[in-house]
Amino acid sequence: MSFRGSGGGILNILEARRVTVSYRRPDGEQFKAVDDVSFDLPPNQAVGLIGESGSGKSTVARLLLGLVAADSGQVIFRGKDVRFAGRDLARYRRQVGVVFQEPFESLNPAMTVRELVGEPLKVQRSGRGTAGSPSSISDVLSLVGIPAALSDRYPGDLSGGQQQRVGIARAIVNDPALLVLDEPTSSLDVSTRAQILNLLQRIKETLSISYLFISHDMETVAHLCDQIYVMYRGRVVEHGRVSDVLDNPLHPYTQALIAARDPHGAGVGTRLLPDLVGSGVTAPAGCVLEPRCPYREESCRNGVVNLSDAGLEHQVACIKFREIAEVRNRSSL
Ligand code: ADP
Ligand code: MG
């Protein structure tokens, strides 16, 4: 199912427009964990959000789930500004499922698998109206690959992979339009991770659902996603189709992320980023990567660097991306 606007174009399920979210540090300093971030989640697509720890990914997830408020900017769900209050919030939350990194921590250990998967149905009526009957519990369990024999077991009886399958079942039992997946495979071993990624792929195709898939791992995102947003220090530094970003990463930060995974492939010619010692809490005045960037120059400090078009559906927030591409091309010859 695709959701079409009156203009006949396909409407995004969700759009974040220039959202900023601040926290206060223990020392009292206010800082922007998410800074002027915009992204689109089109129907039936998996959109990846990647960046190292602390880049603001989970804050984006919390924002979409209504758990933190934006200082400024808008979240638009199916064409309407989401106002996180009262009935609107309840209605919106039915449409957005969530899967967390630690399945065990998000499951009540005193509830059986059947109770855990049935619970969201009691709390909320069906999201899109195609789930909701008691039989949907067994349907959902079968969809996520949990054998019926396990439905009276408790989370503590299950493997990590099975626990995450139950977490996914809870997230989809109300038939949401969007799943927010915050590092859903990061706590799993490699073979279980591959199984859960395949499951997520299958669910996306079966349920025609959109994903915001958050990960610090490029390989995982490449496996599942159609598009990718790369975040660093609260800002989106690159966006594009997964194949374009992987084959032709334009931002030095994206290049370093890829090189870290694959020193012999896309990493050829990449300059690695030095770790920052005592980087401090104050964001740089110009490009967010500047203090760490091997290509930095004076002009990189002249004000905020916004995303600009670098190709079809490919944007980058780097004033030197063309020069850097030339340098990389030369050094990989
Ligand atoms: P990620 O998921 O990419 O690791 P987070 O969104 O969790 O990043 O965090 C982004 C930044 O905000 C980090 O510097 C983190 O320490 C800080 N942060 C997250 N949650 C809070 C909070 N509740 N209060 C203060 N700072 C927070
Ligand atoms: Mg996180």
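Computed from a predicted model, the values in this text were never measured in an experiment. (Residues numbered from 1 in each chain as written. Chains lettered and ligands numbered in written order. Predicted model: local features only at pLDDT ≥ 70, side-chain atom pairs only at ≥ 80, totals over all residues. Heavy atoms only, no water.)

A.B. asks: Sorry, what's going on with the site of ligand 1 here?
C.D. replies: Around ligand 1 there are 13 residues in total, and G54, G56, K57, S58 and T59 lie nearest to it. In this structure, G56 approaches ligand 1 through a main-chain N or O atom, which is 3.0 Å from an oxygen atom. Within the backbone of S58, one N or O atom sits 2.9 Å away from an oxygen atom of ligand 1. Protein coverage of the free-state accessible area of ligand 1, which is 570 Å², stands at 64%. Broken down by secondary-structure element, the contributors of at least two residues to the shell around ligand 1 are strand 1 (14-24), strand 2 (30-41) and helix 1 (57-64). Sorting elements by how many residues they give to the shell around ligand 1 places helix 1 first, with four residues. Looking at the shell around ligand 1, its residues break down into three nonpolar, six polar and four charged. (Near = heavy atom within 4 Å. Polar contact = N/O pair within 3.5 Å; in protein donor to acceptor, adjacent residues only side chain to side chain. Areas by Shrake-Rupley, 256 points an atom, 1.4 Å probe, with all protein chains shown as cover. Helix = DSSP H or I, 4+ residues; strand = E, 2+ residues; numbered from the N terminus. Nonpolar A, V, L, I, M, F, W, Y, C, P; charged D, E, K, R; others polar.)

A.B. asks: Would you take a moment to explain helix 10 (residues 321-332) for this structure?
C.D. replies: Because an α-helix completes one turn every 3.6 residues, residues spaced three or four positions apart along the sequence face the same direction. For helix 10, which comprises twelve residues, the first-to-last C-alpha distance of 16 Å matches the rise-based estimate of 16 Å (1.5 Å per residue) to within 8%. For helix 10, the elements touching its buried residues are helix 9 (252-261), strand 11 (308-311) and strand 12 (314-316). (Expected span 1.5 Å × (residues − 1). Contact = heavy atoms within 4.5 Å.)

A.B. asks: Even after reading the chapter, I still don't get the pairing of strand 10 (residues 235-241), so can you show me in this structure?
C.D. replies: Both faces of the sheet carry side chains from a regular strand, because those side chains alternate between them. Counting buried positions over the seven residues of strand 10 gives six, a clear majority of the element. Two strands pair when backbone bridges link them, and strand 9 (residues 227-232) and strand 10 are joined in this way by six bridges, in the antiparallel orientation. Within the sheet, the bridge partner assigned to V230 lies in strand 10 and is E238. Here strand 9 folds back onto strand 10 in antiparallel fashion, the turn holding two residues, of which R233 has a positive phi close to 45 degrees. Pairing analysis gives three bridges linking strand 10 to strand 12, with the strands arranged antiparallel. Within strand 12, the position partnered with G240 by the bridge is H314. (Buried < 20%, exposed > 50% of the residue type's maximum accessible area, 1.4 Å probe, protein only. Pairing = 2+ DSSP bridges.)

Function cannot be read off these values alone, since they describe shape.
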